[in-house]
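Take a look at the letters that make up each chain.
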Amino acid sequence: MITWIQQPAAIKVGNDLVYLPHFEQSLTTPFIRKVYTAEERAYCDRFRDSTLRYASTFAAKEAVYKAVKQWDSSLTLSWNKIAISRERIAGKPSVCLLVDQEPPVDISLSITHDGDYVWAVALLSARSTTSTQLNA
Amino acid sequence: MIEATELAQLKAIVRESVFEEDLEIHPTDHLVTDLGLDSMGYVDLTVKIELTFGIAISDKAIRAVATFQDLVHLITQTKTNG
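Chains are numbered independently. Their residues run from 1 in the order of the written sequence. Chains carry letters and ligands carry numbers; both start at the beginning, A for chains and 1 for ligands, and go up in the order they are written. Residue-level local features of this predicted model are given only where pLDDT is at least 70; pairs of side-chain atoms are given and counted only at 80 or more, and the full residue set underlies all totals for whole chains, interfaces and linings. The basis for every side-chain value is the complete set of heavy atoms in the structure, and neither hydrogens nor water enter the calculation.

## Side note on the state of the cysteines
Residue and element names in this part refer to chain A. In plain terms, the rule: Only a pair of cysteine sulfur atoms within 2.5 Å counts as a disulfide in this structure description. Only protein chains enter the accessibility calculation, which uses a 1.4 Å probe. A residue is then buried if its area is under 20% of the maximum for its type, exposed if over 50%, and partly exposed in between.
Under the criterion given, the structure shown has 0 disulfides over all chains. Cys96 forms no disulfide, and the closest cysteine sulfur to it belongs to Cys44, at a distance of 16 Å. Using a relative accessible area of 42% as the deciding quantity, one classes Cys96 as partly exposed.

## Notes on the side chain of Asp29(B)
Residue and element names in this part refer to chain B. Heads up, the condition is: Counting from the N terminus, the helices are the DSSP runs of H or I reaching at least four residues and the strands are the DSSP runs of E reaching at least two. Two residue types count as positive, namely Lys and Arg, and two as negative, namely Asp and Glu; His and chain ends fall outside the count. For salt bridges, the criterion is a side-chain nitrogen of Lys or Arg within 4 Å of an Asp or Glu carboxyl oxygen. We call two N or O atoms a polar contact when they sit within 3.5 Å, provided that within protein one can donate a hydrogen and the other can accept it, with sequence-adjacent residues counted only if both atoms are side-chain atoms. Pairs of residues are marked as contacts when any of their non-hydrogen atoms sit within 4.5 Å.
Relative to the assigned elements, Asp29 resides in the loop between helix 1 (4-17) and helix 2 (39-53). One buried charged residue, Asp29, forms no salt bridge at all, with the nearest opposite charge on Lys11 at 8.2 Å. A distance of 2.7 Å separates the side chain of Asp29 from the backbone nitrogen of His26, its partner in a polar contact. With near-sequence residues (within four places) excluded, Asp29 lies in contact with Glu24, Asp34, Leu35, Ala66, Thr67 and Phe68.

## Focus on the interface of chain A and chain B
Here is the rule: Each of two parts loses accessible area, computed with a 1.4 Å probe, when they are put together; buried area is these two losses added. For this classification, Asp, Glu, Lys and Arg are treated as charged, while Ala, Val, Leu, Ile, Met, Phe, Trp, Tyr, Cys and Pro are nonpolar and the rest, including Gly, are polar.
The interface of chain A with chain B comprises 16 residues on the first partner and 15 residues on the second. Contact between chain A and chain B buries roughly 1,500 Å² in total, counting both sides, with carbon and sulfur atoms accounting for 66%. For the salt bridge of Arg63(B) with Glu62(A), the shortest nitrogen-to-oxygen distance reads 2.9 Å. The tally of links from chain A across to chain B stands at 6 residue pairs in polar contact (both at pLDDT 80 or more). When residues of the side of chain A that touches chain B are traced back to their parent elements, those giving at least two are helix 1 (20-26), helix 2 (29-35) and helix 4 (50-71) of chain A. In the side of chain A that touches chain B, the residues fall into 7 nonpolar, 6 polar and 3 charged.

## A look at the sheet that holds strand 4 (residues 105-114) of chain A
Residues and elements named next belong to chain A. Our working definition: Strands pair, by our definition, only if DSSP identifies at least two bridges between them. For every element, the axis is a line fit to its C-alpha atoms; helices are fit only across the contacting stretch, and the angle between N-to-C directions ranges from 0 to 180 degrees.
Across the sheet, 3 strands lie side by side as 1-5-4; this open sheet has antiparallel pairing. Here the strands that pair on one side only, and so sit at the sheet edges, are strand 1 (11-19) and strand 4. Here the strands of the sheet are splayed against their neighbours by 15° on average, with no regard to which way each runs. The pairing of strand 4 with strand 5 (residues 117-126) spans 10 bridges and is antiparallel. Each residue of the ladder has a partner; that of Ile107, found in strand 5, is Leu124. Sheet strands touched by helix 4: strand 1, strand 4 and strand 5. Its angle to strand 1, the strand with the most contacts, is close to 150°.

## Some points on the side chain of Asp16(A)
Residue position: Asp16(A) is located in strand 1. Within polar-contact distance, the side chain of Asp16(A) engages the side chain of Lys66(A) at 3.0 Å. Excluding residues within four positions of it along the chain, Asp16(A) makes contact with Phe58(A), Ala59(A), Glu62(A), Ala63(A), Lys66(A), Val118(A), Trp119(A), Ala120(A) and Ser39(B).

## Comments concerning the packing of aromatic side chains
Residues and elements named next belong to chain A. Selection criterion: Ring pairs shown here join Phe, Tyr and Trp side chains whose ring centres sit within 6.5 Å, with only the six-membered ring taken for Trp; geometry is labelled stacked below 30 degrees between planes, edge-to-face above 60, and tilted in between. Lysine NZ or arginine CZ positioned within 6 Å of the ring centre and within 35 degrees of the ring normal marks a charge as sitting over the ring.
Under the counting rule described, the total for this entry stands at 6 aromatic pairs over all chains. Here Phe23 and Phe58 contribute two aromatic rings whose centre-to-centre distance is 6.0 Å and whose plane-to-plane angle is 45°, an arrangement assigned as tilted. Placement of the pair is Phe23 in helix 1 and Phe58 in helix 4, with a sequence separation of 35 residues. Phe58 shares its class with Phe23; the two are buried. A centroid spacing of 4.8 Å and a plane angle of 70° characterise the contact between Tyr36 and Tyr54, whose relative ring orientation is edge-to-face. Here Tyr36 is found in the loop between helix 2 and helix 3 (38-44), whereas its partner Tyr54 is found in helix 4, with 18 residues between them in sequence. With respect to class, Tyr36 is no different from Tyr54; both count as buried. Clustering of aromatic rings is evident, with ring pairs tying together Phe23, Phe31 and Phe58. A cation sits over an aromatic face here: Arg53 above Phe47, 4.0 Å from the ring centre.

Printed below as a string of C-alpha cells:
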C-alpha cells in the first residue's frame, strides 16, 4: 500500500520521448499486458495506427512516472497503475493514478508526435501544504 | 548465480532491448548511461527476461536495477526465492 507523504507545494515536471520504429518492434502482447489497462487497450485498438496510440500512451505514462518521482523519489508506480485517458477521440489527455490513496497532486499532460517520434510532458503541481496528511 | 548459458542469454536480451547487436557488456555497465537502455527498453527487457527465464519481475524491482550485475543479481534472487 502506498502512503502519500505531504510535501511542500511545488511544481514538478516529467517527460518522455519514444522512437516509433523501436517501439513498434517492442510492442508485443506481453508488453501490452504488462503496461496498459483494459481501457487503454480498447482506446488504442480503435485506431488503424494503433502503434502510434500505444506509443503516445506509453510516453504519457513515463512522463507521469518521472514527474511523480521528482515529487517523491521513494515512490515507484507500476506502468499499469498510471492510467491515461482522453476526454474524446484524440482529445485532451488526462491521468488517473490507480493507487489506494489519492495523492495530493494535480497532473497536467501534453502529448505530441512528428515523424518517428512521440513526446509527452507531465506537469505535476502539489496541493497546498495545509491539506490533510494522507496515511495508508 | 546464473549459469554461463543463461548469462549469454541475458546479454543477448539486453542487446535486443537497446537495439545494439554488437554491444559489449561488462558487469559494472550501467543499463542507462553505458548501455543506452531507455524507458521503453526497461519494459522490453522485463518482458523478455520473464519469458526466457520463466520468472515474474515486478516493475519496482526492475526500476531499481542500475548495472548489468544488478540485473544478474535480481534474476538469481528471483529464481531462488520464486
